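# Structural characterization, general
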Amino acid sequence: MSPADLRAKAAHALAAVRRGRALRDVIEPGAPSLLTELAYGTCRRYFSVRAEVDACLARPLRKSDQDLYALLMVGAYQVRHTGIPPHAAVSETVAATAALRKPWARPLLNAVLRRIARTPPSHITDEARHDHPQWLIDALEAAYPQACPELFEINNSRAPMALRVNRARTDPCRYGSKLDAQGLEHRPGIAPGSLILERPIPARDLPGYESGSVAVQDDGAQLAAALLDPRPGAAVLDACAAPGGKAFDLLERDPSLRVSALDRDEARLGYLKREARRLGHTIHHVMAGNATGSAWWDGEPFDAVLLDVPCSGTGTLRRHPDIKVNRRPEVLARMAEQQRALLEGVWPTLSSGGTLLYCTCSILPAENQDVVAGFLRQTPDANAREIRANWGRDAGPGRLLLPSRNGADGFFFALIDKAGAA
């Protein structure tokens, strides 16, 4: 694929994100690194890049030319935020008009991008200054006034590559030695046994990846299994399981657990099954179903439930910068309603004396402590357990981990015990 074609592909991906698609659905795994960098990078810096492009256009482009608009943004991102020489960035982006079958736009793109290249940036709006949508700026400043604007800067950075060592095959110390032998610098994460690479590499290039010694999983996500900490031999439900990382972490910590994985997305359950084979794990039951209902359940209660609910993903903006582009504030109310329904749906499946871990990769109170507090108020046999830890901060009935520079993503965790004899 030529450099111009890669830029056209990145423009198509950005245009799809602007229509509501997710980057992971339009950029295939193993795509050329330049394509990935341009698509993800332009989303990461979407609001400042958009402001610069708009300032150089005499009038908005037609609806039928939104692919050109996306291409202009990809070009502006290269000029402002990559090491690509400006003349090369402009030249190859202009050439990409042929791939879009709009060669008539060459003079327009050339003029706009050259103007951006010779003009210092001037960001006069909060959106352009922080590269976040205004609704999210307002929400984060209201929730974490002391953490902003550093939180915006962290969200706009690139996420580190964290590794979960498969304790069923090796241990973190021995695996760290393998990384050392290959010259891969690393450091410990906040989760017990997690490792963070100083320089990301393709997962398949990790030592022992094919044989199942290691998996890629955010450092914060690896806290879930340790927090739930089921007793040996316990029956555990992972209620929104795919792609399976937290279920596998549970089994790596204690292979005696009988872990059942439930998810409504059968395609993602297919990935879970393949990953279980690579890592050498046996999932007790893999079930397709919606945890808000009970059609999937055979009536046998679980000793512990892991409920990692769908959410806005606002704790993972470094990995999913398209969320800043295609999420709208009205989604929060729908998410919170779904989260409450999931809590209410799985609670009857938990045995008396059992524990449920509610977690999200959101950092917005509306999806976290507000949901859990509301559930506790209306559920007499539910009791929040304090999480004491040397990471994060107290957040009502749970604990919150904000994204950290060169560290974990943002997560919320709440432990809820069910009254009754164990």
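Scroll up a little and you will see the structure.
Below or above, wherever it landed, is the structure these notes cover. Keep in mind that this is a model prediction, so the values were computed, not measured.

### Looking at the overall build of the chain
- Along the chain, the regular secondary structure elements total 17 helices and 13 strands.
- For the chain, the C-alpha radius of gyration of 23 Å lies close to 22 Å, the compact-globule estimate for 422 residues.
- For the C-alpha atoms alone, the extent of the chain along its principal axes is close to 75 × 50 × 40 Å.
- With 422 residues in all, the chain has 54% of them scored as buried.
- Here the chain contributes 53 positively and 48 negatively charged side chains, and the mean placements of these two sets differ by 6 Å.

### Observations regarding the state of the cysteines
- Applying the stated rule across the entire model yields zero disulfides.
- Note on cysteine 148: no disulfide assigned, nearest cysteine sulfur contributed by cysteine 311 at a separation of 18 Å.

### Some details on helix H3 (residues 33-44)
- Taking 1.5 Å as the rise per residue, H3 with 12 residues should run 16 Å; its terminal C-alpha atoms sit 16 Å apart, in good agreement.
- Turning to H3, its buried residues are Leu35, Leu38, Ala39, Tyr40, Gly41, Thr42, Cys43 and Arg44.
- Residues of H3 that are buried sit in contact with helix H1 (3-18), helix H2 (23-26), helix H4 (46-56), helix H5 (66-81) and helix H15 (322-326).

### Here we look at the side chain of aspartate 219
- Mapped onto the elements of the fold, aspartate 219 is located in the loop between strand E4 (214-216) and helix H12 (223-228).
- Summary of buried charges: aspartate 219 has no salt-bridge partner, and the nearest side chain of opposite charge, arginine 187, is 6.6 Å away.
- A distance of 2.6 Å separates a polar side-chain atom of aspartate 219 from the backbone nitrogen of isoleucine 190.
- For aspartate 219, the residues in contact, after removing those within four places along its chain, are Ala162, Gly189, Ile190, Ala191, Ser194, Ile196 and Ala408.

### What about unusual backbone geometry?
- Following cysteine 148, the chain continues into proline 149 via a peptide bond in cis, with omega recorded as 10 degrees.
- Along the polypeptide, proline 149 turns up in the loop between helix H9 (134-143) and helix H10 (150-155).
- Its identity as a non-glycine residue notwithstanding, aspartate 229 has a phi of 45 degrees, on the positive side.
- Note on placement: aspartate 229 falls in the loop between H12 and strand E5 (235-238).
- Residue classification places aspartate 229 among the exposed positions, given a relative accessible area of 57%.
- Even without a glycine there, the phi angle at asparagine 406 is positive, about 60 degrees.

### Quick look at the environment of methionine 161
- Tracing the chain through its elements places methionine 161 in strand E1 (residues 161-165).
- Between the alpha carbons of methionine 161 and glutamate 330 there is a distance of 32 Å; along the sequence they are 169 residues apart.
- Discounting residues that sit within four places of it in the chain, methionine 161 has contacts with Leu195, Ile196, Leu197, Pro200, Ile201, Ala203, Leu206 and Val216.

### Observations concerning the packing of aromatic side chains
- All told, the structure shown has six aromatic pairs when counted by the stated rule.
- Consider the rings of tyrosine 46 and phenylalanine 47, whose centres lie 5.1 Å apart with planes at 80 degrees: the pair is edge-to-face. Comparing tyrosine 46 with phenylalanine 47 shows no difference in burial state: the two are buried.
- Over the aromatic face of tyrosine 209 sits the side chain of arginine 278, whose NZ or CZ is 3.9 Å from the ring centroid.
- Here the basic side chain of arginine 399 rests over the ring of tryptophan 391, its NZ or CZ set 5.7 Å away from the ring centre.

### Notes on the nonpolar core
- Counting residues in each nonpolar core, the largest one holds 47 residues, and the members touching the most others are Leu140, Leu307, Leu356, Tyr358 and Ile416.
- Broken down by secondary-structure element, the contributors of at least two residues to this core are H9, H10, E5, strand E8 (302-308), helix H16 (331-346), strand E9 (350-360), helix H17 (369-378) and strand E13 (411-418).
- A per-element tally of this core places H16 first, with seven residues.
- Beyond its immediate stretch of four places on either side in the chain, tyrosine 358 contacts Leu307, Val309, Gln339, Leu343, Glu367, Asn368, Val371, Val372, Phe412, Phe413 and Ala414.
- Formed by 45 residues, the second largest nonpolar core is a distinct cluster that contains Tyr69, Leu72, Ala89 and Val325.

### Some details on the environment of leucine 6
- Assignment of secondary structure puts leucine 6 in helix H1.
- A relative accessible area of 9% means that leucine 6 is categorised as buried.
- Distance in space between the C-alpha atoms of leucine 6 and leucine 109 is 16 Å, their sequence separation being 103 residues.
- The contact partners of leucine 6, leaving out residues within four places of it in the chain, are Met1, Pro32, Leu34 and Leu35.

### Regarding the packing of H5 against helix H6 (residues 86-95)
- With their axes 9 Å apart at the nearest point, H5 and H6 run at an angle of 165 degrees to one another. One way to sum up the angle between H5 and H6 is to call them roughly antiparallel. The two elements H5 and H6 cross, and the hand of that crossing is right-handed. For the pair formed by H5 and H6, the contact residues are Leu71, Gly75, Gln78 and Val79 on the first element and Ala89, Val90 and Thr93 on the second.
- Here the contact of H5 with H6 is built from residues that sort into four nonpolar, three polar and no charged.

Conventions used here
- Along each chain, numbering runs from 1 in the same order as the chain's sequence is written.
- In keeping with the predicted nature of the model, local features appear solely for residues at pLDDT of at least 70, side-chain atom pairs appear and are counted solely at 80 or more, and the whole-chain, interface and lining totals rest on all residues.
- Excluded from the side-chain calculation are hydrogens and water; included are all heavy atoms of the structure.
- Helix and strand assignments come from DSSP, with helices taken as H or I runs of at least 4 residues and strands as E runs of at least 2, each series counted from the N terminus.
- Throughout, radius of gyration means the C-alpha value; the globule benchmark is 2.2 Å times the number of residues raised to the power 0.38.
- Exposure categories follow from relative accessible area, calculated using a 1.4 Å probe and restricted to protein chains: below 20% of the type maximum is buried, above 50% is exposed, and the middle band is partly exposed.
- For the purpose of charge, His is not counted, nor are the chain termini; Lys and Arg are scored as positive and Asp and Glu as negative.
- Working definition for charges: the position is that of NZ of Lys, CZ of Arg, CG of Asp or CD of Glu.
- Put simply, a disulfide is two cysteine sulfurs that come within 2.5 Å.
- One less than the number of residues in a helix, times 1.5 Å, gives the span that helix is expected to have.
- Residues count as neighbours in contact if any of their non-hydrogen atoms are within 4.5 Å of one another.
- Salt bridge, as used here, is a side-chain nitrogen of Lys or Arg placed within 4 Å of a carboxyl oxygen of Asp or Glu.
- Pairing of N or O atoms within 3.5 Å defines a polar contact, subject to two protein rules: one partner must be a possible hydrogen donor and the other a possible acceptor, and residues neighboring in sequence count only if both atoms are side-chain atoms.
- Two aromatic rings from Phe, Tyr or Trp, using only the six-membered ring of Trp, form a pair when their centres are within 6.5 Å; if the ring planes differ by under 30 degrees the pair is stacked, by over 60 it is edge-to-face, and anything between is tilted.
- Note on criteria: charge over ring means Lys NZ or Arg CZ within 6 Å of the ring centre, with the direction from the centre no more than 35 degrees off the ring normal.
- As used in this record, nonpolar core signifies buried Ala, Val, Leu, Ile, Met, Phe, Trp, Tyr and Cys residues forming a set joined through side-chain atoms within 4.5 Å.
- Lines fitted to the C-alpha atoms define the axes, with helices restricted to the stretch that makes contact. Angles between their N-to-C directions range from 0 to 180 degrees.
- Geometric relationships in this document are graded by angle, where less than 35 degrees denotes roughly parallel, more than 145 denotes roughly antiparallel, 65 to 115 denotes roughly perpendicular, and other angles denote oblique.
- By definition, any crossing whose near helix is turned counterclockwise from its far helix by less than a right angle is left-handed, and any crossing with a clockwise turn is right-handed.
- Nonpolar residues are Ala, Val, Leu, Ile, Met, Phe, Trp, Tyr, Cys and Pro. Charged residues are Asp, Glu, Lys and Arg, and all others, Gly as well, are polar.

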